[in-house]
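Tertiary structure, described
Read off the chains here:
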Amino acid sequence: MDLSSLVKDFSTTPFLFVGSGFSRRYYGLPDWKGLLQIFVQRMSNDEFAFNKYISRAEGLINSGKEGILLAVTAGLIMQDFDRLWYEDSSFRQLRDSYKVFVKNGQSPFKVEVAQYIDNHSVPVETMRGELAKLKELSRRSLAGIITTNYDCLLEMEMEDYKTFVGQEELIFSALQGWAEIYKIHGSVTNPGTIIITDKDYRGFKEYSPYLAAKLMTIFIEFPIIFIGYSINDPNIRIILEELGRCLSKENLQRLQRRFIYVEHKKDKHDIEFFEHSIVIRDDYIHMTGIRTDNFMAIYEALAEKRASLPAKLIRMFKQEFYTFALTSEPTARIRVANIDDARVRDEDLMIAIGKASEFGLRGLSGMTMKEWYQHVVLHDLEFSADDILTYAFPVLHRKNMALPLNMLLNEANRSYPECEANRCASFDSILNSNYRKGRNRTIEVRSINGIIKCFNNDMHKIIYEIPYLKESEIDVEELEAYLRGLFYQKGLYNNLDNNKRSDLHRVVRIFDYLKYGR
């Protein structure tokens, strides 16, 4: 057996199931034990302090407490760390952007862990070639990612993948199974979602049957490559145990033929195949094992398997069809003719993929808010202002959506009385009462670039603070440069929650008024 023949036998492009070894390899981050040791050292100079926590955790487990040793240890550490953090202000190391999580009730320990990982998430220089190859794979040679890692390595390297954080978001979201990252143990972007203590793991196990059911289709339809895990990692075991409960022994045996386990062995440049087995209850799950330090060879073999369309497009169109099926509303990318006519036979119907402009202007009636706001900043649509105001405005306006209209009205050749009546005609009309009342609040440097520097490029804080500036304090060119940078970040808009998206919309309407409406 060789890597090429192994990949050639895949029925489709695979999912990666990624563990902490991945983050150690590419970011130099510590493993679970190492991470806990770092935070114990912050509390105590005693070289045996961590051993004491391990001993206490072992005693609890020996006394009947259920749990993974390191998770029980983490729970003990978190109790002491949180107490010390609250009692001694000099112990705290959080930046302002992370303090808000503690103010919202999250554990200081988890928030400090998140900040530590964020601060140390810098690519290892010698691994940039592998990371570039991984990005290339994400376009057509991977279907998606499941990970127990907290850091944002995968979001940075996967091209236009949508991220889902934590069990709750996964369970209650419409997953499309392509170009998606499932962070089942939480993320540094929301420290409260991080699974690290025995209490967290009990909650995870409680809902794991629902998560396993949600992921079942992926395990059935795609090859799964486990990478970055040790041979006895409990994180793999929990998921596989739930799959084992959902499937008959015969179906589980069929499933395991598509499981690949990559075991990292330092300085081993050749590829060694072996049979890897995990004991699940009274049975075994077998999978093909690959032992190597040569991940580039694995990536190059995976590149030989390519989907017919880029993964991000498959996801996009699946999402569009899903949305259309729920709402019966056309979208910017789906145009539906009259298919209820009895004279139209099923075999006469077709799906076409191509440039939107080639399928007629009326598709603009499905234009999204993101496309409208992005066009105001980037001018990236091929349609004229008259086309957009004629076809897209009526649909979005009926949904009671405030829109930036000044740029389009300036560019239009015809008059649009309804658009004129709804355009932002003054700076104050864009702001709610909280912003108008708080206009004199303290801002260290009252300018766009001053706010950007003050909040260390924290986008959420920056777009929230900008409307507190006075109209005379806003440099339009600085604002335009900042907004262009945001909209050029692929995937940023789609990953914003409703509140942050509303804040961004407000800032774009301010820009639209200041540049085109005064």
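Structure first, text after, so check above.
Quick caveat, the model's predicted, so the values are computed rather than measured.

1. Focus: the environment of Tyr27
Within the secondary structure layout, Tyr27 lies in helix H2 (residues 20–27). Separated by 343 residues in the primary sequence, Tyr27 and Lys370 place their C-alpha atoms 33 Å from one another. Among all residues touching Tyr27, those that are not within four sequence positions of it are His120, Ser121, Val122, Pro123, Val124, Asp151, Cys152, Leu153 and Met156.

2. Re the side chain of Ser107
Checked against the element boundaries, Ser107 lands in the loop between helix H6 (96–103) and helix H7 (108–119). Taking relative accessible area as the criterion, Ser107 reaches 15% and is therefore assigned buried. For Ser107, the side chain forms a polar contact with the side chain of Asp82, separated by 2.9 Å. With near-sequence residues (within four places) excluded, Ser107 lies in contact with Met78 and Asp82.

3. Here's the deal with the nonpolar core
Residues Phe219 and Phe226 are the most contacted members of the largest nonpolar core, which totals 106 residues. Tallying contributions element by element places helix H5 (residues 69–87) first for this core, with eight residues. Ignoring anything within four residues of it in the chain, the contact list for Phe219 reads Phe17, Ile146, Ile224, Phe226, Ile239, Leu243, Leu255, Arg258 and Phe259. Trp372, Tyr468, Tyr493 and Leu514 belong to the second largest nonpolar core, which has 56 residues in total.

4. Some remarks on the pairing of strand E6 (residues 259–264)
For E6, the buried fraction is high: five of the six residues fall into the buried class. The pairing of strand E5 (residues 224–227) with E6 spans four bridges and is parallel. By the bridge assignment, Ile227 is partnered in E6 with Val262.

5. Regarding the packing of aromatic side chains
Applying the stated rule across the entire model yields 25 aromatic pairs. Both rings, one in Trp32 and one in Tyr201, keep their centres 5.7 Å apart while their planes meet at 20°; by these two values the pair is stacked. One end of the pair, Trp32, is in helix H3 (residues 32–43); the other, Tyr201, is in helix H11 (residues 198–221), and 169 residues separate them in sequence. Taken as a pair, Trp32 and Tyr201 share a single burial class, namely buried. Geometrically, the ring pair formed by Tyr435 and Tyr464 is tilted, given 5.9 Å between the ring centres and 55° between the ring planes. Of this pair, Tyr435 sits in helix H20 (residues 433–437) while Tyr464 is found in helix H22 (residues 459–465), placing the two residues 29 residues apart along the sequence. The class for Tyr435 is buried, based on a relative accessible area of 3%. Chaining the aromatic ring pairs together yields one cluster made of Phe15, Phe164, Trp178, Tyr182 and Phe222. A cation over a ring is seen here: Arg92 above Trp85, with NZ or CZ 4.7 Å from the ring centre. Here Lys162 stacks its cationic end above the ring of Phe164, 5.4 Å away from the centre of that ring.

Here is what the cut-offs are and how they apply
- Residues numbered from 1 in each chain as written.
- Predicted model: local features only at pLDDT ≥ 70, side-chain atom pairs only at ≥ 80, totals over all residues.
- Heavy atoms only, no water.
- Helix = DSSP H or I, 4+ residues; strand = E, 2+ residues; numbered from the N terminus.
- Contact = heavy atoms within 4.5 Å.
- Buried < 20%, exposed > 50% of the residue type's maximum accessible area, 1.4 Å probe, protein only.
- Polar contact = N/O pair within 3.5 Å; in protein donor to acceptor, adjacent residues only side chain to side chain.
- Core = buried A, V, L, I, M, F, W, Y, C linked by side-chain atoms within 4.5 Å.
- Pairing = 2+ DSSP bridges.
- Phe/Tyr/Trp six-rings, centres within 6.5 Å; stacked < 30°, edge-to-face > 60°.
- Lys NZ or Arg CZ within 6 Å of the ring centre and 35° of its normal.

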